[in-house]
Amino acid sequence: MAKKLDFSSLNLQDALDLAILVEEEAQERYVELANQIGSSSKGDAGEFFVHMAENEAKHGRELILKRKKLFGSAPTTVTAEMIDQMRDVEAPDYDQARSFMSERHALEVALSCETKAFNFFDKALNEIKNEEVIKLFIELKEEEVNHQTLIKNLINTASDTMNPEVDPDDVDEPSGL
């Protein structure tokens, strides 16, 4: 059985490893959702999920570079198995993908994911003792707030409907659903 993650004993290297795993999981899930629903037009939900996957990958690469700068090639001690009880920290739930999702619905899914991530880091701060980790988690929380703001701005410019802009009777079901 995998060792359980103890936030009170996290050091900066462990915290970075944890944050990298969170980003990787979110990226993988967005790719899965994009593949499930497909894309039929520019700016649709499938294309948006691909864009979100790219953003998660970019953030993950930034965290990896920071970790390498600080800790070189030191082996990771935080593994996906250790954080299984915390899965889906930022990743969208599988059941959030729907055939013919509207852009607005995809944005709402992304907003809920950014909110979940903020709540995760906020709650974890209550248990953390290490000052460097506290600083990192505060930075990560602030990034989630920035992401929420960006998505809210996109929601404000998106169509008011949560319904797709296609008639489901006119289109074949996406192969992934």
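First things first, this report covers the structure right here in the doc. Every chain is numbered on its own, with residues counted from 1 as its sequence reads. Under the rules for a predicted model, residues below a pLDDT of 70 receive no local features and side-chain atom pairs below 80 are neither given nor counted, while totals for whole chains, interfaces and linings still include all residues. Hydrogens and water molecules were not included; the side-chain quantities draw on all heavy atoms of the structure.

Brief notes about the overall build of the protein chain
Now for step 1: Helix and strand assignments come from DSSP, with helices taken as H or I runs of at least 4 residues and strands as E runs of at least 2, each series counted from the N terminus. A tally of regular secondary structure across the protein chain gives four helices and zero strands.
Now for step 2: When checking whether two residues touch, look at their non-hydrogen atoms; a contact exists if any pair is within 4.5 Å. Sequence separation of 24 or more characterises 80% of the internal contacts of the protein chain that already satisfy a separation of 6 or more.
Now for step 3: As displayed, the protein chain offers around 9800 Å² of accessible surface, 50% of which is attributable to carbon and sulfur atoms. Each accessible area is a Shrake-Rupley estimate made with a 1.4 Å probe; only the visible protein chains count as cover when residues are assessed.

Things to note about the packing of helix α1 (residues 12-37) against helix α4 (residues 131-157)
Now for step 1: In this analysis, axes come from line fits to C-alpha atoms, helices being fitted only over the stretch in contact, and the angle between any two N-to-C directions falls in the range 0 to 180 degrees. Contact geometry of α1 with α4 gives a least axis separation of 9 Å together with a crossing angle of 25°. Looking at the two axes, α1 sits roughly parallel to α4. For the element pair α1 and α4, the recorded crossing hand is right-handed. Taking contact as the criterion, the partners of Leu12, Ala15, Leu16, Leu18, Ala19 and Glu23 in α1 are, on α4, Glu132, Val133, Leu136, Phe137, Leu140 and Glu144.
Now for step 2: Only Asp, Glu, Lys and Arg are considered charged in this grouping, and only Ala, Val, Leu, Ile, Met, Phe, Trp, Tyr, Cys and Pro are considered nonpolar; every other residue, Gly among them, is considered polar. Among the residues forming the contact of α1 with α4, the class breakdown is nine nonpolar, no polar and three charged. Note that the term roughly parallel is reserved for angles under 35 degrees, roughly antiparallel for angles over 145, roughly perpendicular for angles of 65 to 115, and oblique for everything else. Should the near helix be turned anticlockwise from the far one by less than a right angle, the crossing is termed left-handed; should it be turned clockwise, right-handed.

Here we look at the environment of glutamate 24
Now for step 1: Within the secondary structure, glutamate 24 is located in helix α1.
Now for step 2: Spatially, the C-alpha atoms of glutamate 24 and histidine 59 are 9.2 Å apart, while their sequence positions differ by 35 residues.

Looking at the packing of aromatic side chains
Now for step 1: When two rings of Phe, Tyr or Trp (its six-membered ring) have centres within 6.5 Å they constitute a pair, described as stacked for plane angles under 30 degrees, edge-to-face for angles over 60, and tilted for the intermediate range. Here the structure, examined in full by the defined rule, presents five aromatic pairs.
Now for step 2: The interplanar angle of 75° and the centroid separation of 5.2 Å between the aromatic rings of phenylalanine 120 and phenylalanine 121 together place this pair among those described as edge-to-face. There is no split in this pair, since phenylalanine 120 and phenylalanine 121 are both buried.
Now for step 3: Chaining the aromatic ring pairs together yields one cluster made of Phe7, Phe120, Phe121 and Phe137. Three labels apply to residues, based on accessible area from a 1.4 Å probe with only protein chains included: buried if under 20% of the type maximum, exposed if over 50%, partly exposed otherwise in between.

Comments concerning helix α2 (residues 45-71)
Given 3.6 residues per turn, any residue in an α-helix points the same way as the ones three and four places further on.
Now for step 1: Expected helix span is computed as 1.5 Å times (number of residues minus one). Between its first and last C-alpha atoms α2 spans 38 Å; for 27 residues at 1.5 Å apiece the expected length is 39 Å, and the two agree.
Now for step 2: Taken together, the buried positions of α2 are occupied by Ala45, Gly46, Phe48, Phe49, Met52, Ala53, Glu56, Ala57, His59, Gly60, Leu63 and Arg67.
Now for step 3: The elements touched by buried residues of α2 are α1, α3 (103-125) and α4.
Now for step 4: Following α2 by one or two positions, glycine 72 adopts a phi angle in the positive range, close to 60°.

What about the nonpolar core?
Now for step 1: Here, nonpolar core means buried Ala, Val, Leu, Ile, Met, Phe, Trp, Tyr and Cys residues that are tied together by side-chain atoms lying within 4.5 Å of each other. The biggest cluster of nonpolar side chains holds 26 residues, and the ones touching the most others in it are Leu5, Phe7, Leu10, Leu18, Ile128 and Phe137.
Now for step 2: Contributing elements (two or more residues each) for this core: α1, α3 and α4.
Now for step 3: Looking at this core element by element, the count peaks at eight residues for α1.
Now for step 4: In terms of nonpolar packing, the next biggest core, distinct from the first, is built from 19 residues, Ala34, Ala106, Leu107 and Ile151 among them.

Some points on the pattern of salt bridges
Now for step 1: By salt bridge we mean one thing: a side-chain nitrogen of Lys or Arg within 4 Å of a carboxyl oxygen of Asp or Glu. Going through the model one piece at a time under the given rule, you end up with six salt bridges.
Now for step 2: Measuring nitrogen to oxygen at the nearest pair gives 2.3 Å for the salt bridge that ties arginine 67 to aspartate 17. In this pair, arginine 67 is assigned in helix α2 and aspartate 17 in helix α1, connecting sequence segments 50 residues apart.
Now for step 3: By relative accessible area, which is 7% here, arginine 67 ends up buried.
Now for step 4: For the salt bridge of lysine 66 with glutamate 139, the shortest nitrogen-to-oxygen distance reads 3.4 Å. Of the two residues, lysine 66 is situated in helix α2 and glutamate 139 in helix α4; the sequence distance between them amounts to 73 residues.
Now for step 5: The class of glutamate 139 is partly exposed, set by a relative accessible area of 30%.
Now for step 6: Each of the salt bridges in this network shares a partner with another, and the network as a whole consists of Glu25, Arg29 and Glu32.

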